[in-house]
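# Structural features, examined
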Amino acid sequence: MITNSMLRRFRPLRRLGSTPALAAASLLLIGSSLHADEVRLQDGRVFYGKVTERQTTLLIETATGREVVRKDEVLRRRDDDSLRSELAELSSLANTRPEAWLEVARRAHQFRLTDEMWSALESAKSADQSDRLRARRHAFLSTLESEFLPAHYLDRDAEDRIRQLTLRVRKHRTPTELEALSAILSTFTDSSDQLWHKVRIATNALQREVLLDALWAMSAAGEDETSQENRHFVYRRAMFERNTPVRTSVLNNLRELDGGDEAVDYIASALYHSRLDVRFKSADTLGAIGTPSAAKALIAAAPKAAAGANQRAPRAHIAIVRQQAFIQDFDVEVAQAAAVANPVVGTLQSGVVLDVGIVGSFTIRSQLVTSYRRALHRIAGSDPGPDVAAWESWWQGIEEARRRAVQQATQAANARGRTEGEGSIWDR
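All figures in this text were calculated on a predicted structure; none of them were measured in a lab. (Residues numbered from 1 in each chain as written. Predicted model: local features only at pLDDT ≥ 70, side-chain atom pairs only at ≥ 80, totals over all residues. Heavy atoms only, no water.)

### Examining the packing of aromatic side chains
- Applying the stated criterion across every chain yields a total of six aromatic pairs.
- With 5.6 Å between their ring centres and 45° between their planes, Tyr235 and Tyr266 make a pair best called tilted. With a gap of 31 residues between them, Tyr235 in helix α11 (residues 225-240) and Tyr266 in helix α13 (residues 261-268) connect regions that are remote in the sequence.
- Judged by relative accessible area, Tyr235 falls into the buried class, the value being 1%.
- With centroids separated by 6.0 Å and ring planes inclined at 50°, the aromatic side chains of Trp394 and Trp395 adopt a geometry described as tilted. (Phe/Tyr/Trp six-rings, centres within 6.5 Å; stacked < 30°, edge-to-face > 60°. Helix = DSSP H or I, 4+ residues; strand = E, 2+ residues; numbered from the N terminus. Buried < 20%, exposed > 50% of the residue type's maximum accessible area, 1.4 Å probe, protein only.)

Okay, here's the thing in structure tokens:
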């Protein structure tokens, strides 16, 4: 997901205006890097690209390669200026409708007018896009691989294409271009392990963000085992990602699926992990998600984290001694006419005994409870206090206060509606 923080970090390649009207006018003025003609054949096929005339044939350089057709097969041919005029007319009719601008972008891509296509896609952005329009935009962006890779790369294996697409993720790209790269990478559904590997080895934070967004788009709607594994991978990256903008982008994606409840269930299980660093990361991530289910998971795990935190530290000792044998006496036995002296052996011990209190576990448990407390404060906006046993009642009070606030707001809105409906006596 391309966030506002990402927008501030990028230096856009094209500044075509901040309104659709200016963007429509810019399509008349923009100079595309490609010269494209339309060649329509008698059998119904249509090609768009740079045309080179020969004696009896035409060489057409399309986005996917070269085509050679005979001149007597051509039904109609339109030059670059004619295509641009048609596109400008469509743009003038788009106004502020995102779906219309998306159609303009489709037509510009068909005409191989690259700059005009990116301009229309910028105009097609809308903060209140419907799920249907968002899906249409994603589907179109996923078809733009030829805009980033040369034609001879398109027939290579998935691993090579993923590598080349990842290398094309750079800061000079516009947010729309990065969105397109993410959509394209999400089409490699049979190579998710390659995307995992790229995320792990990528030192470029922007590349990790685009790859994680692709994995999320690939798996968000699926219920099969591969989709679940991809989601779990994204959940783990949300816990251990060190780059703040990347982590924020991942967390925003998590909240879009069931309000983040599935992510909370998976991440909350790490609150009981044997490794303490994992438990710290899990608590911090749940606090960042910030949903009621995250707060309940933290409260449920707190008693185990606090076990022993308020007790005296256990004690243990270690003895380091040296034993030395010596003859301490003789035991004389008399048998008939003989006397025998049997030696009595003793043991001399020397060394030191160290008595210690094991305070490490006590300190770590206190820090763990503090991290849970900090996460709850981030979610609710108030401190639950040091007493873990009181956190449950504290949360119930928070929820009750929120319910009362919602009821009062609803009643006030209904009262305003009745007042506006009745009007004054002079309005009747």
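After that view of the structure, there is still more to cover.
### Observations concerning the environment of Asp383
- For Asp383, the position within the fold is in the loop between α16 (360-380) and α17 (391-422).
- The spatial distance from the C-alpha of Asp383 to the C-alpha of Arg373 is 7.2 Å, given a sequence separation of ten residues.
- If sequence neighbours within four positions are ignored, Asp383 has contacts with Arg373, His377 and Trp394.
- One polar contact links Asp383 to Arg373, side chain to side chain, over a distance of 2.6 Å.
- Polar contacts involving the side chain of Asp383 include one to the main-chain amide nitrogen of Gly385, which spans 3.1 Å. (Contact = heavy atoms within 4.5 Å. Polar contact = N/O pair within 3.5 Å; in protein donor to acceptor, adjacent residues only side chain to side chain.)

### Digging into the nonpolar core
- Leu121, Leu144, Leu254, Leu286, Leu298 and Tyr372 are the most contacted members of the largest nonpolar core, which totals 89 residues.
- Counting eight residues, the second largest nonpolar core, distinct from the first, contains Val39, Leu41, Val51 and Ile60. (Core = buried A, V, L, I, M, F, W, Y, C linked by side-chain atoms within 4.5 Å.)

### Things to note about the packing of α11 against helix α12 (residues 244-256)
- Between α11 and α12, the least distance of the axes is 9 Å, while the angle of their chain directions is 135°. Comparing the axis directions of α11 and α12 gives the class oblique. Helix-helix and strand crossings are classified by hand; for α11 and α12 the assignment is left-handed. Residues Val234, Tyr235, Ala238 and Met239 of α11 form the contact with α12, whose own contacting residues are Arg247, Val250, Leu251 and Leu254.
- Grouping the constituent residues of the contact of α11 with α12 by class yields seven nonpolar, no polar and one charged. (Axes fitted to C-alpha atoms, helices over the stretch in contact; angles between N-to-C directions. Parallel < 35°, antiparallel > 145°, perpendicular 65-115°, else oblique. Left-handed = near helix turned anticlockwise from the far one by under 90°. Nonpolar A, V, L, I, M, F, W, Y, C, P; charged D, E, K, R; others polar.)

### Things to note about the environment of Ala180
- Locating Ala180 in the fold gives a position in helix α8 (residues 175-185).
- Considered as a pair, Ala180 and Ala139 are 41 residues apart in the sequence and their alpha carbons are 9.6 Å apart.
- Ignoring sequence-local partners within four residues, the contact set of Ala180 consists of Trp118, Leu141, Leu144 and Phe148.

### Some remarks on helix α9 (residues 192-201)
- Regarding α9, the residues found buried are Ser192, Leu195, Trp196, Lys198 and Val199. Summarising the axial view, the buried residues of α9 lie within an arc of 165°, below the 170-degree limit, and thus occupy one face.
- Looking at the buried side of α9, the elements it contacts are α7 (158-167), α8, α10 (205-219) and α11. (Arc of directions from axis to C-beta.)

### What to know about unusual backbone geometry
- One non-glycine residue, Arg112, lies in positive phi territory at about 65°.
- Relative to the helices and strands, Arg112 resides in the loop between α4 (98-110) and α5 (114-123).

### Considering α10
- When the terminal C-alpha atoms of α10 are compared, their 21 Å separation across 15 residues agrees well with the 21 Å that a helix rising 1.5 Å per residue should span.
- Most of α10 is tucked away, with 14 of its 15 residues classed as buried. (Expected span 1.5 Å × (residues − 1).)

### Some remarks on the pairing of strand β4 (residues 65-70)
- In the sheet, strand β3 (residues 57-62) pairs with β4 via six bridges, with the strands oriented antiparallel. For Thr62, the partnering residue across the bridge sits in β4 and is Gly65.
- Between β3 and β4, which pair antiparallel and follow one another directly, the connecting turn spans two residues. (Pairing = 2+ DSSP bridges.)

### Focus on a negative patch on the surface
- Residues Glu223, Asp224, Glu225 and Glu229 make up a contiguous surface patch of negative charge.
- Of note, Glu223 is situated in the loop between α10 and α11. (Patch = residues over 30% accessible without salt bridge, like charges linked within 9 Å, V, L, I, M, F, W, Y side chains within 5 Å. Areas by Shrake-Rupley, 256 points an atom, 1.4 Å probe, with all protein chains shown as cover. Salt bridge = Lys/Arg side-chain N within 4 Å of Asp/Glu carboxyl O. Lys, Arg positive; Asp, Glu negative; His and termini not counted. Charge placed at Lys NZ, Arg CZ, Asp CG, Glu CD.)

### Some thoughts on the pattern of salt bridges
- If you walk through the whole model with that rule in mind, you get 28 salt bridges.
- Taking the shortest distance from any N to any O, the salt bridge between Glu53 and Lys71 comes out at 3.5 Å. Of this pair, Glu53 sits in strand β2 (residues 46-53) while Lys71 sits in the loop between β4 and β5 (74-78), and the two are 18 residues apart along the sequence.
- A residue is classified by how much of its surface remains accessible, and Lys71, at 33% relative accessible area, is partly exposed.
- The partner of Arg156 in a salt bridge is Asp160, and the shortest N-O contact between them spans 3.0 Å.
- Look at Arg156 and you get partly exposed, because its relative accessible area is 35%.
- The class of Asp160 is buried, set by a relative accessible area of 14%.
- Each of the salt bridges in this network shares a partner with another, and the network as a whole consists of Glu38, Arg40, Arg76, Arg78, Glu86 and Arg107.

### Here we look at the sheet that holds strand β1 (residues 37-41)
- Read across the open sheet, the five strands follow the order β4-β3-β2-β1-β5; overall the sheet is antiparallel. Where the open sheet ends on each side, the last strands, each with one partner, are β4 and β5. In this sheet, adjacent strand axes meet at a mean angle of 40° when their direction is disregarded.
- Two elements, β1 and β2, share four bridges in a ladder whose sense is antiparallel.

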